[in-house]
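One letter stands for each residue in the lines below.
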Amino acid sequence: MATRVKKSTTRPSLKAPPLALSKTAQPRQRKAQAASKSDVEREEPSLYGPDIGRRIRNLRHIKGLTLKDLAVRTFCSESMLSKVENGKAQVSLTLLHRIVHSLDITITALFSESRADQGVVTRAKERSTFRIDAKGSRLERLVPPNLGHLLEGNLHILEPGGGSDGILMHEGEEVGYVLSGALALTVSGVQYLLYAGDSFVYRSEEPHSYLNPGEVTTRVLWVSTPPTF
């Protein structure tokens, strides 16, 4: 069945290359498999800091999991996970989501140190930020990164060509508002092209991915529950 593309009626002045219609998203096969190019980009510096592998390895040990156990749960090869844990390979956002889901934590928990709540207000210059792809796209946390919040809010700043770098599936619900630029959002195989002023909502269990298809930076206010980042 042909993929439907829904477009907003409001279109700012933005040069964007034609979008290829996405095919129906298929869940990943439930078996360990060799790492794909989207799981590792060896020529780029680490997106999440030099100690990400050490943190993953420590949490795996705390959970009592072998490298093989985690490989099966994340549909990734043992050799790839070993490289990630030893700092010899860069982990993609999609693989990181599978890892933290398998360890029954969130990305926030993976990076957070023990500390008190940061309070009601977070100043613009004090927000924690981290990269999510090799294009330079990043997230700015609107909700302080601790374990006590039911909501997760981030400002997604997507550079041209940047995005989720694969299909995501997890528990919860997400809502977003495009502040500027264009966003190609695919949910359950249907691709939607959104512009500034457009919003979206969907269940996170549905296969979803996103991409900035334009030539200028896209900014999206993104809120989800429960926290996954």
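I will try to describe carefully the structure that is included in this document. All of these numbers come straight from a predicted model, not from anything done at the bench. (Residues numbered from 1 in each chain as written. Predicted model: local features only at pLDDT ≥ 70, side-chain atom pairs only at ≥ 80, totals over all residues. Heavy atoms only, no water.)

### So, the pairing of strand 7 (residues 190–195)
Which entries qualify depends on this criterion: Any residue under 20% of the maximum accessible area for its type is buried, any over 50% is exposed, and the rest in between are partly exposed; the area is computed with a 1.4 Å probe on protein chains only. Only runs of H or I of at least four residues qualify as helices and only runs of E of at least two qualify as strands under DSSP, and these elements are numbered from the N terminus. A pair of strands is treated as paired once DSSP finds two or more bridges between them.
The buried fraction of strand 7 is high, at 5 of 6 residues. Direction of pairing for strand 6 (residues 182–187) relative to strand 7: antiparallel, over a ladder of 6 bridges. In the strand pairing of strand 7, Ala-184 is matched with Leu-193. A loop of 2 residues connects strand 6 with strand 7, the two strands running antiparallel in sequence, and Ser-188 in this loop sits at a positive phi of about 55°.

### As for the environment of Ala-89
Summarising the element assignment, Ala-89 is placed in the loop between helix 3 (78–85) and helix 4 (93–102). Accessibility expressed as a relative area gives 15% for Ala-89, which makes it buried. Through-space distance from the C-alpha of Ala-89 to that of Gly-53 is 9.0 Å; in sequence the pair is 36 residues apart.

### A look at the packing of aromatic side chains
The cut-off we apply is this: Ring pairs shown here join Phe, Tyr and Trp side chains whose ring centres sit within 6.5 Å, with only the six-membered ring taken for Trp; geometry is labelled stacked below 30 degrees between planes, edge-to-face above 60, and tilted in between.
Counted by the stated rule, this structure contains 3 aromatic pairs. Relative to Trp-222, the ring of Phe-200 lies with its centre 4.9 Å away and its plane at 65°, an arrangement referred to as edge-to-face. Of the two residues, Phe-200 is situated in strand 8 (residues 199–203) and Trp-222 in strand 10 (residues 218–225); the sequence distance between them amounts to 22 residues. Accessibility classification places Phe-200 together with Trp-222 in one group, the buried group. Taking 4.7 Å as the distance between ring centres and 50° as the angle between the ring planes, the aromatic pair formed by Tyr-210 and Trp-222 counts as tilted. Residue Tyr-210 is found in strand 9 (residues 208–211), and its partner Trp-222 is found in strand 10; the two are separated by 12 residues along the sequence. Of the two residues examined, Tyr-210 and Trp-222, each falls in the buried class. Three or more aromatic residues joined by ring pairs form one cluster here, namely Phe-200, Tyr-202, Tyr-210 and Trp-222.

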